[in-house]
Amino acid sequence: MNNALILGCSHAAGSEMYDGVNNSYPVQLAKKLNLNPINMSISGGSNDAMFRIFDEFVDINKITSKDTVIACWTGSERTETVYNDSWTPIV
């Protein structure tokens, strides 16, 4: 089964739902498309975070052309910065 890499903010992560990481809209979409969902969305995530996570994930896990990326874009005013050696969202 091919993978669906899901990137986004808390809405894509399903943070507001019971067991949201397995039941959010993009996960349900991936399942409908017969794809294995890999939800890498984070609460407070920005478009910058999505790009960073995608870049790191591709390098480590070798995404192929048969895999799908579901990008749930956030607001353009969100960003992130490094603070105390970790990525911190600025919302």
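Residues numbered from 1 in each chain as written. Predicted model: local features only at pLDDT ≥ 70, side-chain atom pairs only at ≥ 80, totals over all residues. Heavy atoms only, no water.

## Quick look at the overall build of the protein
Our working rule: Here a helix means four or more residues in a row that DSSP labels H or I, a strand means two or more in a row labelled E, and each is numbered from the N terminus. In this description the radius of gyration comes from C-alpha coordinates, and the expected globular size is given by 2.2 Å times residues to the power 0.38. Only protein chains enter the accessibility calculation, which uses a 1.4 Å probe; a residue is then buried when its area is under 20% of its type maximum, exposed when over 50%, and partly exposed in between. We call two residues in contact whenever any of their non-hydrogen atoms come within 4.5 Å of each other. The positive count covers Lys and Arg only, the negative count covers Asp and Glu only, and His and the chain ends enter neither. Charged groups are reduced to one reference atom each: NZ for lysine, CZ for arginine, CG for aspartic acid, CD for glutamic acid.
Secondary structure assignment for the protein yields four helices and five strands. Each helix (α) and strand (β) of the protein, taken in turn from the N terminus, gives the series β-α-α-α-β-α-β-β-β. Over its C-alpha atoms the protein spans a radius of gyration of 13 Å, differing by no more than 12% from the 12 Å that the globule rule assigns to 91 residues. Taking the principal axes of the C-alpha coordinates as reference, the protein spans close to 40 × 30 × 20 Å. Taking all 91 residues of the protein together, 34% fall into the buried category. Intrachain contacts of the protein at a sequence separation of at least 6 include 65% that bridge at least 24 residues. Looking at charge distribution, the protein has the averaged site of its 6 positive side-chain charges lying 11 Å from that of its 10 negative ones.

## Some thoughts on unusual backbone geometry
For asparagine 34, which is not glycine, the phi torsion reads 60° and is therefore positive. Along the chain, the position of asparagine 34 falls in the loop between helix H3 (25–32) and strand S2 (36–39). Positive phi, close to 65°, is recorded for aspartate 85, a residue that is not glycine. Assignment of secondary structure puts aspartate 85 in the loop between strand S4 (79–83) and strand S5 (86–90). Residue class for aspartate 85 comes out exposed when judged on its relative accessible area of 80%.

## Examining helix H4 (residues 47–61)
Selection criterion: One less than the number of residues in a helix, times 1.5 Å, gives the span that helix is expected to have. Taking the helix axis as origin, the arc is that swept by the directions to the C-beta atoms.
Relative to the 21 Å expected for 15 residues at 1.5 Å per residue, H4 spans 21 Å between its end C-alpha atoms, a close match to the ideal helical length. Looking at H4, one finds that the buried residues are Ala49, Met50, Arg52, Ile53 and Phe57. Mapping the buried residues of H4 onto a view down its axis gives an arc of 165°, with all of them on the same face. Opposite its buried face, H4 presents the exposed residues Phe51 and Asp59, each directed more than 90 degrees away.

## As for the pairing of strand S1 (residues 3–7)
Stated precisely, the cut-off is as follows: When DSSP finds two or more bridges between two strands, those strands count as paired.
Most of S1 sits out of view: four of its five residues are buried. Judged from the four bridges that link them, S1 and S2 form a sheet pairing that is parallel. Its bridge partner being in S2, leucine 5 is matched across the sheet by isoleucine 38. Pairing of S1 with strand S3 (residues 68–71), which is carried by four bridges, proceeds in the parallel orientation. Looking across to S3, one finds that leucine 5 is bridged to valine 69.

## With respect to the nonpolar core
Quick reminder of the rule: Nonpolar cores are built from buried Ala, Val, Leu, Ile, Met, Phe, Trp, Tyr and Cys residues. Side-chain atoms within 4.5 Å join them into one set.
Within the largest apolar cluster, seven residues are counted, these being Ala4, Ile6, Ala12, Val27, Ala30, Leu35 and Ile70. For this core, the secondary structure elements donating two or more residues are S1 and H3. Not counting residues within four places of it along the chain, the set of residues in contact with valine 27 comprises Ile6, Val21, Asn22, Pro37 and Asn39. By size, the runner-up hydrophobic cluster in this structure holds five residues, among which are Leu5, Met50, Ile53 and Phe57.

## As for the state of the cysteines
Applied cut-off: Only a pair of cysteine sulfur atoms within 2.5 Å counts as a disulfide in this structure description.
Evaluation of the coordinates by the stated rule reveals zero disulfides. The structure places no disulfide on cysteine 9, whose sulfur is separated from the nearest cysteine sulfur, that of cysteine 72, by 7.8 Å. Assessed through its relative accessible area of 23%, cysteine 72 is described here as partly exposed.

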